[in-house]
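Listed here are the chains, written in short residue letters.
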Amino acid sequence: MTTSHAPVPVGARRAAALGSHHHGRRVLMKGNEAMAEAAIRAGCDAYFGYPITPQAELLEWMARRMPEEGRPFIQAESELGAINMALGAAATGARVLVSSSSPGISLMAEAMSYMAGSEVPVVLVNVMRGGPGLGSIGPSQADYFQAVKGHGHGDYRVPVLAPASITEAMALTADAFELAERYRTPVMLLADGILGQAMEPVEMVFREPPRQSAEWALTGADGRPPRVVRSLHLKPEDLEAHNRHLQAKFAAIAEREVRHDGEHLEDADLVIVAYGTAARVARTAVAQARADGLRAGLFRPISLWPFPSEQLAGLASRVRGFLVVELSAGQMVEDVRLAVEGRAPVTFTGRMGGIVPTPGEVVDALRRLWATTAPRSEGASR
């Protein structure tokens, strides 16, 4: 008999296995499945998607579960169809989820700009794969620029949340819906292929954010004046005024919604900055480095936008250097350098093409950083 402390295998079985009798118990789930179920429990009203590895299990889970809940599930004819269906559904005030992987997100970029411009709340999950182009189905973090610097055209930003575990991905799924509705904006959950495909024991604890007032939504004008949801403003003065409104909203998000975590930062001489799966590798590297006498710490951005620049700047005044670890050629490293503003050295190590750096490789990079930043006597002693 399974005890309340043992993982209950679930895999891709129907979600009847996730009934209320499992509340608070540990269940073995893939990251894709866990994010899908978390979205359903968060009150997702409609899902639109198109299959692409490594996020296909998320779509498959929604294909089973959404009809069970009496909610719309549509596998569109393409990513273009899926994102535009999501735009239409979200304009009615529905709580909407879309998921894809890197090339699919590229196809969705135009509609994402429309959603930001028309202030429509939608949650998008990107389970990143190797690129550019079709690349591979291996894990990657090479979509960082795409996620935090814009996706489509125009002056806009969207909150980007980066979980480092399946449990955290479940919690951030509910948070993403909450942020989307609070600020009337698309919100992206950015995961890599490992987090989507890996299995971990997770507790069946979910949160459904309270619904925000949607006096802007298109719900039919019977008995009230008509409403318009649009991103088109043909008069330059009107478009500038709308952009000023959007920029004020982005400033409010940047002020209020920064999220980060840290380990062993109090006495750290060197700090690793990493997110997602790279942060998990970095955590092991920090433990190995400390066992060898090198005081390392881990700074983990959770909100990639807004980026925790002030918090990193505060660390820069008292550490010898930063090592950024990514599953890419180096993208977040640019935001780290902007935050540090030359107050401490910032170096980078990473792997591409679906290859994940080992903790030993990260420790070696830490030692190289130490050798270039420590006084000669200390460098020799280490």
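Note: the structure precedes this text.
Residues numbered from 1 in each chain as written. Predicted model: local features only at pLDDT ≥ 70, side-chain atom pairs only at ≥ 80, totals over all residues. Heavy atoms only, no water.

1. With respect to the overall build of the protein
Turning to step 1, where the next piece is worked out: Within the protein one finds 14 helices and 15 strands.
Turning to step 2, where the next piece is worked out: Over its C-alpha atoms the protein spans a radius of gyration of 22 Å, differing by no more than 12% from the 21 Å that the globule rule assigns to 382 residues.
Turning to step 3, where the next piece is worked out: Along the first, second and third principal axes, the C-alpha set of the protein runs to 80 × 65 × 35 Å.
Turning to step 4, where the next piece is worked out: Among the 382 residues that make up the protein, the fraction classed as buried is 53%.
Turning to step 5, where the next piece is worked out: Look at the contacts in the protein between residues 6 or more apart in sequence, and 76% of them connect residues 24 or more apart.
Turning to step 6, where the next piece is worked out: Carbon and sulfur atoms form 53% of the exposed surface of the protein, whose accessible area is close to 16,000 Å².
Turning to step 7, where the next piece is worked out: For the protein, the centre of its 39 positive side-chain charges and the centre of its 42 negative side-chain charges are spaced 3 Å apart. (Helix = DSSP H or I, 4+ residues; strand = E, 2+ residues; numbered from the N terminus. Rg over C-alpha atoms; globule rule 2.2 N^0.38 Å. Buried < 20%, exposed > 50% of the residue type's maximum accessible area, 1.4 Å probe, protein only. Contact = heavy atoms within 4.5 Å. Areas by Shrake-Rupley, 256 points an atom, 1.4 Å probe, with all protein chains shown as cover. Lys, Arg positive; Asp, Glu negative; His and termini not counted. Charge placed at Lys NZ, Arg CZ, Asp CG, Glu CD.)

2. What about the sheet that holds strand β15 (residues 346-350)?
For sheets, the rule is that strands pair by backbone hydrogen bonds, running either parallel or antiparallel.
Turning to step 1, where the next piece is worked out: Spatially, five strands are ordered β10-β12-β11-β14-β15 in an open sheet, and the strand pairing comes out mixed. The open sheet has two edge strands, β10 (260-263) and β15, and neither has a second partner. Taken over all neighbouring pairs, the strand axes of this sheet differ in orientation by 20° on average, direction set aside.
Turning to step 2, where the next piece is worked out: Sheet topology places strand β11 (residues 270-273) next to strand β12 (residues 296-301); four bridges connect them, and they run parallel. In the strand pairing of β12, Val-271 is matched with Gly-297. (Pairing = 2+ DSSP bridges. Axes fitted to C-alpha atoms, helices over the stretch in contact; angles between N-to-C directions.)

3. Looking at the pattern of salt bridges
Turning to step 1, where the next piece is worked out: What the rule picks out here adds up to 25 salt bridges.
Turning to step 2, where the next piece is worked out: In this structure, the salt-bridge partner of Arg-244 is Glu-240, at a minimum N-O distance of 3.4 Å. On the criterion of helical spacing, the pair formed by Arg-244 and Glu-240 is a turn pair, its members being four residues apart in helix α9 (residues 236-256).
Turning to step 3, where the next piece is worked out: With a relative accessible area of 44%, Glu-240 lands in the partly exposed category. (Salt bridge = Lys/Arg side-chain N within 4 Å of Asp/Glu carboxyl O.)

4. Regarding unusual backbone geometry
Turning to step 1, where the next piece is worked out: The omega torsion across Thr-53 and Pro-54 is 10°, close enough to zero to call that bond cis.
Turning to step 2, where the next piece is worked out: Structurally, Pro-54 can be placed in the loop between β3 (46-49) and α2 (56-68).
Turning to step 3, where the next piece is worked out: Across the junction of Trp-305 and Pro-306, the peptide omega takes the value 0°, indicating a cis bond.
Turning to step 4, where the next piece is worked out: Here Glu-119, not a glycine, exhibits a phi torsion of approximately 60°, which is positive.
Turning to step 5, where the next piece is worked out: As for its placement among the helices and strands, Glu-119 is situated in the loop between α5 (109-118) and β6 (122-128).
Turning to step 6, where the next piece is worked out: You will see that His-264, though not glycine, has its phi angle at about 55°, which is positive.
Turning to step 7, where the next piece is worked out: Tracing the backbone through its elements, the reader meets His-264 in the loop between β10 and β11.

5. What about α5?
Turning to step 1, where the next piece is worked out: Here α5 lies mainly inside the structure; eight of its 10 residues are buried.
Turning to step 2, where the next piece is worked out: All buried positions along α5 are accounted for by Ala-109, Ala-111, Met-112, Ser-113, Met-115, Ala-116, Gly-117 and Ser-118.
Turning to step 3, where the next piece is worked out: Buried residues in α5 make contact with α3 (79-90), α4 (102-107), β6, β8 (186-192) and α9.
Turning to step 4, where the next piece is worked out: Following α5 by one or two positions, Glu-119 has its phi on the positive side, about 60°.

6. Description of the packing of aromatic side chains
Turning to step 1, where the next piece is worked out: For the coordinates displayed, the defined rule picks out four aromatic pairs.
Turning to step 2, where the next piece is worked out: Through a chain of ring-to-ring contacts, three or more aromatic side chains come together here, namely Tyr-144, Phe-145 and Tyr-275. (Phe/Tyr/Trp six-rings, centres within 6.5 Å; stacked < 30°, edge-to-face > 60°.)

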